[in-house]
Structure formats: C-alpha cells, structure tokens
Amino acid sequence: MWDYSETVKEHFYNPRNVGAVEGGNAVGDVGSLTCGDALRLTLKVNPETEIIEDAGFQTFGCGSAIASSSALTEIIKGKTLEEALAVSNQDIADFLDGLPPEKMHCSVMGREALQAAIANYRGEEWKDDHEEGALICKCFAIEEPLIVETIRANKLSTVQDVANYTKAGAGCSSCHEKIEEILARELEARGETFQPGAGRPDLVLEKRTVPKKSKPLPVKPSLPAAAVHAPAAAKKPGKPKLTLVQRIQKIEKAIEALRPTLQADRGDVELIDVKDKTVFVRMTGACTDCQMAGLTLNGLQQKIMEELGEFVQVIPMSQRQLEEAGL
Amino acid sequence: MSGKGVYLDNNATTQVAPEVLEAMLPYFTEQFGNPSSIHQFGNQVGRAISKARRQVQTLLGAEFDSEIVFTSCGTESDSTAIHSAIKAQPERTTIITTAVEHPAILSVCEQLDKDGYTIIRLGVDKKGRLDLDEYKSRLDDDVALVSVMWANNETGTIFPVIEMAEMAHEAGIMFHTDAVQAVGKIPLDLKSTKIDMLSLSGHKLHAPKGVGALYLRRGTRFRPLMRGGHQERGRRAGTENAASIIGLGVAAELAMNRIEEENTKVRALRDRLEKGILSNNTHCFVTGDPDNRLPNTCNIAFEFIEGEAILMMLNKRGIAASSGSACTSGSLEPSHVMRAMDIPFTAAHGTTRFSLSCYNTQEEVDRVIAELPAIIQRLRELSPYWAKEGPVENPDKAFQPTYA
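Now for a description of the structure that goes with this document. Note that this is a predicted model, so its numbers are computed, not measured. (Residues numbered from 1 in each chain as written. Chains lettered and ligands numbered in written order. Predicted model: local features only at pLDDT ≥ 70, side-chain atom pairs only at ≥ 80, totals over all residues. Heavy atoms only, no water.)

Notes on the overall build of chain B
Link 1 in the chain: A count of helical and extended segments in chain B gives 13 helices and 14 strands.
Link 2 in the chain: What you see for chain B is a C-alpha radius of gyration of 22 Å, in line with the 22 Å of a compact globule of 404 residues.
Link 3 in the chain: Summarising its shape, the C-alpha atoms of chain B cover approximately 75 × 50 × 35 Å along the three principal directions.
Link 4 in the chain: Sequence-distant contacts in chain B: of pairs separated by 6 or more residues, those separated by 24 or more amount to 72%.
Link 5 in the chain: In the structure as shown, chain B presents an accessible area of about 16,100 Å², 50% of it carried by carbon and sulfur atoms.
Link 6 in the chain: Side-chain charges in chain B split into 43 positive and 51 negative, and the spacing between the mean points of these groups amounts to 3 Å. (Helix = DSSP H or I, 4+ residues; strand = E, 2+ residues; numbered from the N terminus. Rg over C-alpha atoms; globule rule 2.2 N^0.38 Å. Contact = heavy atoms within 4.5 Å. Areas by Shrake-Rupley, 256 points an atom, 1.4 Å probe, with all protein chains shown as cover. Lys, Arg positive; Asp, Glu negative; His and termini not counted. Charge placed at Lys NZ, Arg CZ, Asp CG, Glu CD.)

Description of the overall build of chain A
Link 1 in the chain: The secondary structure content of chain A amounts to 11 helices and 10 strands.
Link 2 in the chain: Buried residues in chain A amount to 43% of all 327 residues.
Link 3 in the chain: Restricting to contacts in chain A with at least 6 residues of sequence separation, those with at least 24 account for 58%.
Link 4 in the chain: Split by element, the accessible area of chain A, about 17,500 Å² in all, is 51% carbon and sulfur. (Buried < 20%, exposed > 50% of the residue type's maximum accessible area, 1.4 Å probe, protein only.)

What about the pattern of salt bridges?
Link 1 in the chain: Scanning the entire structure with this criterion turns up 31 salt bridges over all chains.
Link 2 in the chain: The salt bridge partner of Arg259 of chain A is Glu256 of chain A, with a shortest N-O separation of 2.5 Å. With Arg259 of chain A and Glu256 of chain A both in helix α9 (residues 244-264), this residue pair falls 3 residues apart, about one helical turn.
Link 3 in the chain: Here Arg293 of chain B ties to Glu274 of chain B by a salt bridge, and the two come within 2.7 Å at their closest N and O atoms. Pair noted here: Arg293 of chain B is in the loop between β9 (284-286) and β10 (297-302) and Glu274 of chain B is in helix α7 (residues 242-280), with a separation of 19 residues, a long-range link. For the residue pair Arg293 of chain B and Glu274 of chain B, the accessibility class agrees, reading buried in each case.
Link 4 in the chain: The structure contains a network of salt bridges with shared partners spanning Arg247, Lys277 and Glu310 of chain A. (Salt bridge = Lys/Arg side-chain N within 4 Å of Asp/Glu carboxyl O.)

As for the pairing of strand β3 (residues 52-60) of chain A
Residues and elements named next belong to chain A.
Link 1 in the chain: Counting buried positions over the 9 residues of β3 gives 7, a clear majority of the element.
Link 2 in the chain: Bridge count for strand β2 (residues 37-45) against β3 is 8 bridges, and the pairing is antiparallel. Directly across from Leu39, in β3, lies its bridge partner Thr59. (Pairing = 2+ DSSP bridges.)

Considering the sheet that holds strand β8 (residues 267-275) of chain A
Residues and elements named next belong to chain A.
Link 1 in the chain: Judged by pairing direction, the sheet is mixed, and its 3 strands sit side by side in the order β8-β9-β10 without closing on themselves. Here the strands that pair on one side only, and so sit at the sheet edges, are β8 and β10 (313-316). In this sheet, neighbouring strand axes are inclined to one another by 30° on average, regardless of whether the strands run parallel or antiparallel.
Link 2 in the chain: Taken together, the 4 bridges between strand β9 (residues 278-285) and β10 define a ladder with parallel strand orientation. From the neighbouring strand, Val279 faces β10, where its bridge partner is Val314.
Link 3 in the chain: The strands that α9 touches are β8 and β9; relative to β8, the one it contacts most, it runs at about 165°. (Axes fitted to C-alpha atoms, helices over the stretch in contact; angles between N-to-C directions.)

A short note on the packing of aromatic side chains
Link 1 in the chain: If you walk through the whole model with that rule in mind, you get 6 aromatic pairs over all chains.
Link 2 in the chain: Where Phe60 of chain A meets Tyr385 of chain B, the ring centres are 5.3 Å apart and the plane angle is 90°; that geometry is what we call edge-to-face. With one member in each of two chains, Phe60 of chain A in strand β3 and Tyr385 of chain B in the loop between α12 (362-382) and α13 (395-398) form a pair that bridges those chains. Each member of the pair, Phe60 of chain A together with Tyr385 of chain B, is buried.
Link 3 in the chain: Aromatic pair Phe304 of chain B and Tyr385 of chain B: ring centres 6.2 Å apart, planes at 35°, arrangement tilted. Placement of Phe304 of chain B in the loop between β10 and α8 (307-316) and of Tyr385 of chain B in the loop between α12 and α13 is noted, with a sequence separation of 81 residues between them.
Link 4 in the chain: According to the relative accessible area criterion, Tyr385 of chain B is buried, its value standing at 4%.
Link 5 in the chain: Among the aromatic side chains, those forming a connected cluster through ring pairs are Phe60 of chain A together with Phe304, Tyr385, Trp386 and Phe399 of chain B.
Link 6 in the chain: Stacked on the ring of Phe64 of chain B, the Lys or Arg Arg218 of chain B has its end atom at 3.5 Å from the ring centre.
Link 7 in the chain: In this structure, Lys316 of chain B is placed above the aromatic ring of Tyr13 of chain A, and the distance from its NZ or CZ to the ring centre is 4.4 Å. (Phe/Tyr/Trp six-rings, centres within 6.5 Å; stacked < 30°, edge-to-face > 60°. Lys NZ or Arg CZ within 6 Å of the ring centre and 35° of its normal.)

Some details on the sheet that holds β10 of chain B
Residues and elements named next belong to chain B.
Link 1 in the chain: Read across the open sheet, the 4 strands follow the order β9-β10-β13-β12; overall the sheet is antiparallel. What marks the edges here is a single partner per strand, and that holds for β9 and β12 (322-323).
Link 2 in the chain: Pairing between β10 and strand β13 (residues 351-355): 5 bridges, direction antiparallel. Bridging across to β13, Ala301 finds its partner in Thr351.

Let's talk about a positive patch on the surface
All names here are of chain B.
Link 1 in the chain: A contiguous patch of positive charge, built from Lys87, Arg221, Arg223 and Arg227, is present on the exposed surface.
Link 2 in the chain: Among the secondary structure elements, Lys87 is positioned in helix α3 (residues 74-88).
Link 3 in the chain: The exposed category is assigned to Lys87, whose relative accessible area is 60%. (Patch = residues over 30% accessible without salt bridge, like charges linked within 9 Å, V, L, I, M, F, W, Y side chains within 5 Å.)

Comments concerning the side chain of Arg53 of chain B
Residue and element names in this part refer to chain B.
Link 1 in the chain: Position of Arg53 relative to the elements: it lies in helix α2 (residues 40-60).
Link 2 in the chain: Residue classification places Arg53 among the buried residues on the basis of a relative accessible area of 14%.
Link 3 in the chain: For Arg53, the side chain forms a polar contact with the main-chain oxygen of Ile68, separated by 2.8 Å.
Link 4 in the chain: A polar atom in the side chain of Arg53 sits 2.7 Å from the side chain of Glu232. (Polar contact = N/O pair within 3.5 Å; in protein donor to acceptor, adjacent residues only side chain to side chain.)

Set out below in structure tokens:
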C-alpha cells in the first residue's frame, strides 16, 4: 500500500471536524475524477469579522482524501476568509508531512473545496480551473494536461524541452516513453514528426523512415535504429594538445557559464580535480539532493566537452567522499 | 496462517506451502548444478526439473510433459503466447480478447493496437458474462489468436473457455487462456479440450513468486519470446530457475490433492463469509456471477464509501483484502472489470475482494464478519452520500460535486 506519513494515518483513523457544521453558512462541494473522490466542506463564517469559526467535512474517498479533508478543516479554523484563501494545496500536504505523488490531487481537492465554499458564502459561482489527468511523472507529480498544455503553448518538441519547462521526466526518467508518446501525438497534430534525438547534439541518429501508423506492418515491424552515442565534439586530429592549466581554465569557463542558472535555483557547483578524462566536481546548496542533479551534470559535461573539444566524464563527489579524500 | 493477521488476499498472492519450501531448499545449497551440465551436479537437478514438469502436467491434465514450458511468471507466459501467435501467423492481424482481462493481456494488446493490429475486446453484461453469439460472429480468417481468461481475478467469474476454444478451433483459430486464477482451484483436463496455450503462475498456488509456466499443445505453431540456449527445448531460453521450478512442481501436486478441499471446505468458508457480510451490512452486493465462479473468491461492493479507506481500516485490524478502487492502484478510474460490468461509480469504488485459501479457518472468517460492520458504518458517517440511517435521498441529486 501507499507509504503514508504517520500524520496522514493519524488524520485518517481519527479525522477532525467530521460532518456538517451546525449553523453553517457556506458549502463547497467538489470532486476529483482522478480518484472518484468527492468532498463537501461546510463553514460557519462570522459575518462581522469574516472569521471561519467552525469547519466540517464529509468525504467519499480514500485514506489520503479523508486525511486531507481533516487537515484542511484544522488549518482554516480561526482564519479570516482572506487568510484561508491563501492556503495552498502544498500547505495541506505539508501539514500532513507530505503525500505520495499519486495522492497530491487529494490536497488539490481540499483547496478547491475551500475556494468553492468561500465563493458560495460570497454568493459567487466557483469554476474549477484545474484540469486533472493521468499522472505521468511520479518524481515531480506532473499530470498529462499540464504537459500537453506546455507543449502547445511553447511548441516543445523534445523530451528534454518538456523536462526543462515542466520538470516532468527530469527525475528517474521512467516516464520518457509516455512523454515521447504525448510529443508524437502533439507534433503530429501540428504537422511535424517527433524525432527522439532532436536537440541532442550528443545523439547522432541514423537516417531512417518512420513507419506509417495507418498501414500496419506486423510482418516485420521496423525497429527504431539504435541511437549511436557519439560525442559530437570528438577529438579532432591535428589540434594542439592543451596543458593541464589550459584545460582547467576551459573547464572553469564552462562552469562559470552554467553558474547563474544554478544559483538562480540556490545551488552551485565547484571544480575539485581533473584527472585525464575525468572531471570531479562538488554539487552544493540546493543541487545537493536535487532530483535534477543528473540532468545538471549532463548539461555541464556537454558544456565542458564543447569547450575542450574532447570527451570527458563529470563525476560528482559527495561530502563523505571528499572527506575520505582529505579535501 | 502466519502471525495474528487474517490473510484474505490469495488472488494477489499466496504463502509458500511449507512442503514447497522444504523441497526447494537443497537446490540453493548442495544441488546447485546447472541442469544442462553433463556431470553429476547438473544431472540431478535436471532430473528434479523433469519431475516438476510431470507434476505440472498432471495438474493440468496435459497429454505430454513436453507441453509444459517453464517461465518466470504468468505475465511472461501471457506475453509469450500473444507474441508467438502473431509472429507465427504474420498474415493474421486481429486478436480477440475480453474487456475484463488482466493487464498482462490488456497492456500487450494495447501496444499491439498502437502497432496497427486490430484488437477486439469482448464486453460483458452486468454479471460479468460474455455473449457467445457475439464472440462467434467475430471469428474470422484475420484472427491470429483468441485470448480469454479462465477465471476473473477480481470477481472469480468463470468464462466458458472450453466451449470457446472449440469454437475457435472450428474456425481454425489459435486459442489461449490466462488461467492464472483457475489453476489449482478448479479441476482441469487440457487433453480433452481444444485449448492451444494456457498461462499459469506459481505464486497463486503456494509456490514462490518468480516462476510460471506456459502450456503449449503439441503441434501448436510457436515462436519463442526469448531466444538463446536450448533450455525448455529452445522455447524459453535462459538457465532454469531450478529451485522455483521444483517448488512449482510440489505445489502442483499439493493443489491436485487439495482440489476437492478447495471446492468443499474453502468454498463453504467463502460462502459463510459472504452470507455473514451481506446480512450484517446494508447497501452492499456481490459483483460478478455468483453462480459461476471460483470457490475461493468473493467480491462485495459497499456503496457510498471508498475501497482504499476500507482496506486501511481492515489492515489496522490485521485483516488483508484488496479493492477495485482507483486509489489502491494509483490509476485514473476504478477497476476496468467493474466498469465493464457497469457497476455504478459510487459502488465500484467500494468494491472489496476477499480471496481465501486452504490455510484460512472458520475462526478467521468469523472475525472478519464481526469486524466489518463498524468499519463500514464509520466510513459512511464520513460520506456526503450518507445520512444518519441510510443513504441521503436521491444520493446522485443531493450531492452533486463540481468535478475537476
């Protein structure tokens, strides 16, 4: 079963504020198709102060839906409507010490019930602006509609683009097949053809014809030609050999170029050592345990290779490894 | 039963029988040889595998022991069967299956659909039954394979595969059945049928996980999924998972000996559980075809509450079951089996499957009957579809949430 936090379990087994509130004057009914969950939130709002004096919930749903509902009522009691509207689904998830990625929509449902109830109190009509769909990227809890929307809005055409814009696929990379399928569909819709290696100078693809989907060829399904991994900037003959200092200078230059991007995300990278074709670095700040670290390193390696005009491998060193090495 | 828990999730997996474990252990230690080797270390393992093959043959009622191909699991057997059928008959591009198959079949078919194959997914009625007239009308020369499960994993509903295999045979079409849930629970005699291929999984019948088998009728045109060494007569390359295969053999023999117990003692326990639950709880009903199903399975839909919540509450009391709710799988919708049977949304999410084995006792069953009402009542108190004594009037109208 799910790896629920103790707080989630506690709020599921002993939910707070169950049922409709006596003398309630605001109701929000919302549902999430993703889980078939549905939630009714009732509030008792003081008309003078607009403070939520009481909140109650009724939920048809799974463990985390019930826990999210319970958490929501606890968070908003005593808040003014304005303060309550500032509560995000992440706040609900944080209150519960986190939710599994597949269950983040339960917290979204909680926030939506709150918005619906406040709209109901104010005599407004609440419209849901959040579209739900299949969960594609488990690392960052990114659903299909967001990916599709972003591809369309920015005319994205590669898995790398999707990762850069939405973070989907930037973690463990298991969802790349699904992202490729979405890309193929979207590119076809705008009259283009999806090319797996596009935008990746390190991937040299053999020329091949893409089999037409309309006429099946079950006899001999043509397999995609294997992508040949060959660095574009392979060592060119006749080029003068760089000294170690020259190489380090060029490596530092590549790191410098990437640094502003990393620092914008509160991370950084530091050059530790260079041995033959291996470049040792230390990731610091937010980079340390970022799921995107692998991606960052690939980008860095690519940059360094372009600078040096030769193949190198960038290896991150952990704090422990550095200490063991006496650094 | 191990520990203090009550394990009623035997359609998910079963405990390894002590006799099975005991038979396996020497093959991790002194009997470590490669069965293909000529020397004494390998030779004895090879003989033990031959015995296991005969034990599985007996359980299935297969005519020859060479019709048994050991694999790594039910899923591998299913994939092998489908891919073999289309590869051996490239001129045929249609596959007939049902809407309620296991993902081991449906996902493969979905992929083949994308590759240009025609997939016919036969629908079911509200009790989960197929329309054989419709089936017959779809049998034509373009069909490479019919793949229909023997018994459904969620409801236990049994399909008339023997009759369907006859019909396919008459039309000159290959027939495969995913019998992962049926093997060991109902008597089989494949030699008297027209079934060409059958998948089974070890861990559903008290063998360990990671071993399965494909029954392949002699003469059936076949193309291996994995090529390599000559193991399994070249039909499934890769060094044999010797200990597990030997365990599967013992499990098959045990299942053969227990098939009557399964259909008397286990069936009676299941019936007692079902009757107890239905009479102690309101607004719940059995899904599938109660008159024609596996002896160990009972699937009950509890209306107006959600399955994962039920399972968590049961789990807290040491009771293990499973659910067709979307939440338990992390998928978008409730179980495709429930949807195919047109079970209403508010009930499909509350479907709970109890699946027994010969290791369950009456005491355990009575404990579940006694514990369940408080859980159901508690969750209904939380539900917006429920008033104090029963469902709100016109539940669908009284509570109409804005769906995202």
